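Examination of the molecular architecture
Chain residues, written in single-letter form:
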Amino acid sequence: MNSKAIVTLGCALYAVLCNAEMEYATPESQGVDSQAIIGWIDACEKTFDGGKEGSVHGFVIVRHGKTIAEGSWKPFDTLNEPHMLYSHSKSFTSTAVGFLADDGKIDIDERIADIFPEELPANPSDNLRQLRVRDLLTMNVGKKDHLLRDDGDWVGEFLSKDFVKTPGTCFRYDSDATYMLAAIVEKRTGRKLMDFLKERMFDKIGITSAWSTTSPQGIACGGWGMNMTTRELARFGQLYLQHGTWGAERVLSPDWVALATTRHTWSGWGNVGVKALGEGTDWEQGYGFQFWRCRHGAYRADGAAGQLTVVMPECDMVVSVNAGLSDMQKELSLVWEHLLPSVKSNDAPIPENPVALAALRAKIASLEIKLPGVNYERRPGACDDRGPELHSFTFKDNPRGFKSFSYQLGDDNVYACMIETRAGKQHFAAGTARSRLGLWQRGLIRVDPEAYEHPGAYVGEHKIASTCWYGADGAFHLKVYFTGDTGYLELTDKNGNLSGEFWAMNGCLLESGGEEGLLRRAKETLKIDTVSGANVQWAPLRGVEPSATGVFRGVWNWDSAFHAMAIVRWDPDLAREQFLIMEKFQGEDGMLPDVVFEDPAEGVFRGCTKPPVWGWAVWAMDRAAPDDAFLGKAYESLKRYEKFWRTKRFSQDERMFHYDGNSDNPALRRQYCGWESGWDDSPRWDGNPAKVLPIDLNCWMVLYYRSLRDIAARLRLGAESELWEKEAVDLASRVEGRLWDDVDGCYYDWDMEKRGFSRVLSPASFMPLFIGTASNARAAAMARQAKRLEPGWPTVSYDHPEYKPDVYWRGRTWLNVAYFALKGLKFYGHEETANAGRATLLHWVDSYKPSIHENYNSRTGEPLGTCDFGWSAVFTLKFITDWTMPREAELPCGKESANHIYKE
């Protein structure tokens, strides 16, 4: 995506948010009683209590185009986080067909055999030849069997089935029909279904988080597998309620809205007869084009386990719900019993009820799935304390691949749990009502993607929220919710005997979602990695960890600088807090620590620092969200940090900087020196790392000085700004004079001990291009060297004898350093090389979902290291949003070294 597209998207979303639709209003101002909504919420909690009946996860209620109530039950946040929709997806797929019909690109009476002639079996039956698009829309296909979810061609498999009834004569709910609709949309448009919907509808009405699963052929599943927030479902319902209009724009034709939501076929189960509208259950009111009719003149999009968008034209009202429950008729009945009677027939407001409104808001603020058997007020007692004993169990063979489970009480009543699946042993925490981190503990579980049962199961990595409690009989209970979906794992240990159940549905392969999907995943990763609370060491500040679901439990120096540069786009205060954490623990000598650990008992690691990225980060934050008070405080801290580098890490002979460690023990000092570089075990340090003049560090210091120059100028400190400018120019000249090797035509580290170049080619060699000190000739020479790092841009060139594609900094691919190299090449006009590298890396990130990983195998792109990795998310964002940004806009630039002749 280029910058123009980003701006266009932003403007579109801004326009949506400014429309009257979906603005917040009190229930009474729109003719609804707040007390009735409280009654509905209470009924939902009583009916669906988190036990066998399941639970409601989130809701949005809209009247007269205004949002009058919305909420989400912890541990879910369906208002902001996408939720699995199951068959609610079908209504979106039907809408895509509606756009084709509006455009004249499809006739709903068109024969499927004419659309997919190359996929037909050798002797298609008469029933198959008669099958129309209309029959797919109304679930009157006449096919006997459902698809087998394997690696075959789903379109071909669909057409090869037995069509035992005449199409159009017999309703039978079949998600395969909707898959065929998705395949038709993608064939007729030449685009992915979700991309098509994004252009035609999502961008226009404010749907930004949507993603979908796909078939093995990469076609959206259509009938299941979409994911959106509850707010976005309500926007979809409101679009239909408004007959396809949003604001002043006609998004979808009113003819299609009417056609899609009209009863076209009887929908009763069991073929027992046709009911009149209004009689029987909500499942017997008829079926339209992938929409269900309801009682009370309403219609709905719905999906398994309680995903609903109920549109009530007679009341001018929309109710959207995400849930994980077992009886959707009960769910619908609660709407009719509690919400419908509260709606006044006229459009006039009713008197405001401040007491009821305050009670409603308090109720919504306290929503939480309170599981049966949990005593939330209980204090520590004999039945609660099982001490440090480890309880361990082995499962019998099972199709889900669960092998063993264990738990052990830890500090503060937090249980350390371990579950072993085919994907290995995975550890997570489970909170109790008294735990310091609260009832719900966030985590992640991996399940082997090569062995899962059909029609679907949890595949890959899934975000979880877990809780545990003791029942009145002393039995230990654990429930693990898969928060992005509606499944859960529940285990009970009573007297040393383990029992449990696993309930889940899911789709198949994850669709890429394109760059928008990557942006969403990157932003979600940084949100996941944000940790706060009274007991973390940086309290009351919020810290963003490299991986809150992995092993890096703390705020790390250069990681947090990278995090801040991305987060400032949506939460400037959180971005600034990353620097304030570093500043809070800054040493007397000015050193910013390597790590501030989450646990106060672990303290702060000061054996080394990290590359001086913070100057650039503070400059970038101020450009995005100016704050003079913060900038002044940060500037004083940054000056102290510069003094540390100048006094502790500077070679007076060479007049350049080097890494080092803070230990009297030679072995530890050498180890810490490698850590300080961030390139821990790189072949660059196979000699004595403290005796190396690193190309990356000295380029970072040039950028640091430029940042201080521009910050000082912003603070109206002209003399200091000029001083930093001189330091930047002088150091840039020394970089070009000392670290360029004319023999190889390459930038290398200089070994002061051996008095020679290291001749290890890595992305660090391209840093002079990133900061703009190289001449055009030298940049061209580096572009030729780039062939040794293509396609994966590992941390040492493929031809180096120490190259190892899956070893830490000896051959893996890291997005941050690869970004600096590729962006440098792009700055100097070598766009073909740069764009190819970018495409490869984004493809690797996109291919392994849902997590963004620490690093990647530079041969295969296989994800390595920990998951939900912050700086990988940051540079995924930068590869997309900043890729076309000129160097002057991304970096503090200005006057460069005498060698620099490059012009943007």
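These numbers come from a predicted model, not from an experiment.

**Topic: the side chain of S253**
By the element assignment, S253 lies in the loop between strand 8 (249–250) and helix 11 (254–260). S253 gets classed as buried once you look at its relative accessible area, which sits at 16%. Among the polar contacts made by the side chain of S253, one reaches the side chain of D102 at a distance of 2.7 Å.

**Notes on the sheet that holds strand 25 (residues 554–556)**
Pairing in this open sheet of 3 strands is antiparallel, and the strands run 25-26-27 from one edge to the other. Each end of this open sheet is capped by a strand with a single partner; those strands are strand 25 and strand 27 (604–605). Here strand 26 (residues 595–597) pairs with strand 27 via 2 bridges, running antiparallel. By the bridge assignment for strand 27, V595 is matched with F605.

**Observations concerning helix 18 (residues 628–648)**
Its 21 residues place the ends of helix 18 30 Å apart at the C-alpha level, agreeing with the 30 Å of an ideal helix rising 1.5 Å per residue. N-cap assignment for helix 18: the residue whose side-chain oxygen lies 3.2 Å from the backbone N of A629 is D627.

**Comments concerning the nonpolar core**
Core analysis: the largest hydrophobic core is formed by 132 residues, its most contacted members being W614, W616, V618, F766 and F770. Counting residues per element, this core draws most heavily on helix 20 (residues 695–714), which supplies 12 residues. When neighbours within four sequence positions are excluded, F770 is seen to be in contact with W616, L703, Y819, F820, K823, G824, F827, R887 and L891. Counting 117 residues, the second largest nonpolar core, distinct from the first, contains L85, F289, M328 and L334.

**Re the environment of C867**
With respect to the helices and strands, C867 occurs in the loop between strand 36 (863–864) and helix 26 (870–881). By relative accessible area, C867 is classed as buried at 4%. Along the sequence, C867 and N855 sit 12 residues apart, while their C-alpha atoms lie 9.0 Å from each other.

**Here's the deal with the packing of helix 15 (residues 557–567) against helix 17 (residues 614–624)**
Where helix 15 contacts helix 17, the axes come no closer than 9 Å and their chain directions differ by 20°. With respect to helix 17, the axis of helix 15 lies roughly parallel. Between helix 15 and helix 17 lies a crossing whose hand is left-handed. Side by side, helix 15 and helix 17 meet where N557, S560, A561, A564 and M565 of the first sit next to W614, W616, A617, A620 and M621 of the second. Here the residues of the contact of helix 15 with helix 17 are counted per class, giving 8 nonpolar, 2 polar and no charged.

**Focus: the pattern of salt bridges**
In total, this model carries 55 salt bridges according to the counting rule given. Salt-bridge contacts for E110 lead to R188; the nearest nitrogen and oxygen are separated by 2.5 Å. Of the two residues, E110 is situated in the loop between helix 3 (89–102) and helix 4 (112–115) and R188 in helix 8 (residues 175–189); the sequence distance between them amounts to 78 residues. For the salt bridge of E545 with R553, the shortest nitrogen-to-oxygen distance reads 3.1 Å. With a relative accessible area of 0%, E545 lands in the buried category. Three or more residues joined by partner-sharing salt bridges are found here, namely R569, K823, K878, D882 and E890.

**Let's talk about the environment of G517**
By secondary structure assignment, the location of G517 is in helix 14 (residues 514–528). Distance in space between the C-alpha atoms of G517 and W211 is 6.9 Å, their sequence separation being 306 residues.

Rules and cut-offs
- Residues numbered from 1 in each chain as written.
- Predicted model: local features only at pLDDT ≥ 70, side-chain atom pairs only at ≥ 80, totals over all residues.
- Heavy atoms only, no water.
- Helix = DSSP H or I, 4+ residues; strand = E, 2+ residues; numbered from the N terminus.
- Buried < 20%, exposed > 50% of the residue type's maximum accessible area, 1.4 Å probe, protein only.
- Polar contact = N/O pair within 3.5 Å; in protein donor to acceptor, adjacent residues only side chain to side chain.
- Pairing = 2+ DSSP bridges.
- Expected span 1.5 Å × (residues − 1).
- Core = buried A, V, L, I, M, F, W, Y, C linked by side-chain atoms within 4.5 Å.
- Contact = heavy atoms within 4.5 Å.
- Axes fitted to C-alpha atoms, helices over the stretch in contact; angles between N-to-C directions.
- Parallel < 35°, antiparallel > 145°, perpendicular 65-115°, else oblique.
- Left-handed = near helix turned anticlockwise from the far one by under 90°.
- Nonpolar A, V, L, I, M, F, W, Y, C, P; charged D, E, K, R; others polar.
- Salt bridge = Lys/Arg side-chain N within 4 Å of Asp/Glu carboxyl O.

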